[in-house]
Amino acid sequence: MLIAADKFKGSLTAVEVAEHVTAGLRRAVPGLDVAAVPVADGGDGTVAAALAAGFTRHEARVTGPTGAPVTATFALGADGAAVVEMAEASGLQHLPEGVFAPLTATTYGTGELLLAALDAGATSIVFGVGGSATTDGGAGMLAALGARFLDAHGEPVGPGGGSLRELATADLSGLDPRLARTGIVLASDVDNPLTGPKGAPAVYGPQKGADQDDVATLDAALAHYAEVLERAVGPKAAEYALAPGAGAAGGIGYGALVGLDAAFRPGIDVMLDVLGFGPALAKATFVITGEGSLDEQTLHGKAPAGVAAAARAAGLDVVAVCGRLQLPQEALDRAGIRRAYALTDLEPDPARCMAEAGPLLERAAENLARDFLV
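A brief report on the enclosed structure follows. Just so it is clear, the structure is predicted and the values come from calculations on it, not from any experiment.

Basis of the calculations
Residues numbered from 1 in each chain as written. Predicted model: local features only at pLDDT ≥ 70, side-chain atom pairs only at ≥ 80, totals over all residues. Heavy atoms only, no water. Pairing = 2+ DSSP bridges. Helix = DSSP H or I, 4+ residues; strand = E, 2+ residues; numbered from the N terminus. Axes fitted to C-alpha atoms, helices over the stretch in contact; angles between N-to-C directions. Contact = heavy atoms within 4.5 Å. Phe/Tyr/Trp six-rings, centres within 6.5 Å; stacked < 30°, edge-to-face > 60°. Buried < 20%, exposed > 50% of the residue type's maximum accessible area, 1.4 Å probe, protein only. Core = buried A, V, L, I, M, F, W, Y, C linked by side-chain atoms within 4.5 Å. Salt bridge = Lys/Arg side-chain N within 4 Å of Asp/Glu carboxyl O.

### So, the sheet that holds strand S3 (residues 56-63)
Next, step 1: Spatial strand order, S3-S4-S5-S6-S9-S10: 6 strands in an open sheet with mixed pairing. Looking at strand neighbours, the two that pair on one side only are S3 and strand S10 (263-266), the edges of this open sheet. Within the sheet, the average angular offset between the axes of one strand and its neighbour, ignoring direction, is 30°.
Next, step 2: Bridging between S3 and strand S4 (residues 69-76) involves 8 bridges; their strand directions are antiparallel. In the sheet register, arginine 57 faces S4, and the bridge partner there is alanine 75.
Next, step 3: Each of strand S5 (81-85), strand S6 (124-128), strand S9 (183-188) and S10 is contacted by helix H10 (residues 267-274), which is oriented at about 90° to S10, the strand it contacts most.

Written out as structure tokens, the structure reads:
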């Protein structure tokens, strides 16, 4: 049995999910041979998955989204491959509860975290983006890495996407030279462009506290930012603004594409490679995947869909565990998932379901084992 599940957000880490599923399976089938590869899709939990796979933990003190210092973690493999998660430095979890900063939140700390990975010896970086508090197009990140963004008076523009309205000139020539020899993969399940109706401000700005006026301000500011960058680095800046993934994490995808020469790949595909899923799958006869909510988003590049696709290609059955299930069986069938076991089937109260997720998951796994293994 191979357990390759993502976290249950707000309740269990991916490692804890695997532990509880294992306990439930063995309650029904004592001595069952179980292996676990906790997975992530590039969003929050990506570094934790890498650490569970044997990467070494590193910490750095960096600038949080509001300017206050935060401690951020990244993972480094023995071969020099680093896993950096932008939410560790610039994520919503670093905002005071209920207080958003849609116009001023900065990705500067993410740039500092990338520098820390380079200082630790990283020769390649998987850059997971998601869960950001920011909509600055990655300008803060690039500034921390040596770029200069100046207003008409030759002064650095302020933090956040709103300040990019004042941008007059951009200079990327001072970017850390180590970046040019470091392969960087932008790992994301978001294919939005930078601006427009499907761009970062319009689609994701409201999640970060942006009202209608803020969205309009940020969209115009990011469009202006792309125009200034086009003058600085040429036509590729305009092309990348339209590219899939440019709008990821408040446009940090755009900054990574333009400034870091990053290659965009679906986050789950990248992470399955990094985490050693292939060799584990080759030894498996049955696969269990899952995440907190199995819904329409799952079908668009989330971890369970990626795991199920790989397992189905290998001819293996896949079932899922989840906190709540919002997909009909036909959709699960199309994704290659034979059946899903939801904790809300055992405990309909969402609050209790989250509070008691571990024991409930063990019961769900025990039911799964009796249905498929006994």
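### Notes on the packing of aromatic side chains
Next, step 1: For the coordinates displayed, the defined rule picks out 3 aromatic pairs.
Next, step 2: Centroid distance tyrosine 225 to tyrosine 254: 5.8 Å. Interplanar angle 70°. Geometry classified as edge-to-face. On the criterion of sequence distance, the pair formed by tyrosine 225 in helix H7 (residues 212-233) and tyrosine 254 in helix H9 (residues 248-259) is long-range, its members being 29 residues apart.
Next, step 3: Each ring, one from phenylalanine 286 and one from phenylalanine 372, has its centre 5.6 Å from the other, and the planes form 55°; the classification is tilted. Separated by 86 residues along the polypeptide, phenylalanine 286 in strand S11 (residues 286-294) and phenylalanine 372 in helix H15 (residues 357-372) bring together distant segments of the chain.
Next, step 4: A relative accessible area of 7% means that phenylalanine 286 is categorised as buried.
Next, step 5: Judged by relative accessible area, phenylalanine 372 falls into the partly exposed class, the value being 23%.

### Considering the nonpolar core
Next, step 1: Ranked by internal contacts, the top residues of the largest apolar core, which has 57 residues, are Ile125, Phe127, Phe149, Tyr225 and Tyr254.
Next, step 2: In terms of residue count, the dominant contributor to this core is H9 (7 residues).
Next, step 3: Look past the residues within four positions of isoleucine 125 in its chain and what remains in contact with it is Ala82, Val84, Leu114, Ala117, Leu118, Thr182, Gly183, Ile184 and Val185.
Next, step 4: Residues Leu2, Met271, Leu272 and Ala308 belong to the second largest nonpolar core, which totals 40 residues.

### Considerations on the pattern of salt bridges
Next, step 1: Inspection of every chain in the model, using the stated rule, returns 16 salt bridges.
Next, step 2: Of the charged contacts, one joins lysine 9 and aspartate 44 as a salt bridge, the two residues approaching to 3.5 Å between their closest N and O atoms. Of the two residues, lysine 9 is situated in the loop between strand S1 (2-5) and helix H1 (14-28) and aspartate 44 in the loop between strand S2 (35-36) and helix H2 (46-52); the sequence distance between them amounts to 35 residues.
Next, step 3: In this structure aspartate 44 comes out as partly exposed when scored by relative accessible area, which is 22%.
Next, step 4: Here the salt bridges do not stand alone but share partners, grouping Asp6, Lys7, Lys9 and Asp44 into one network.

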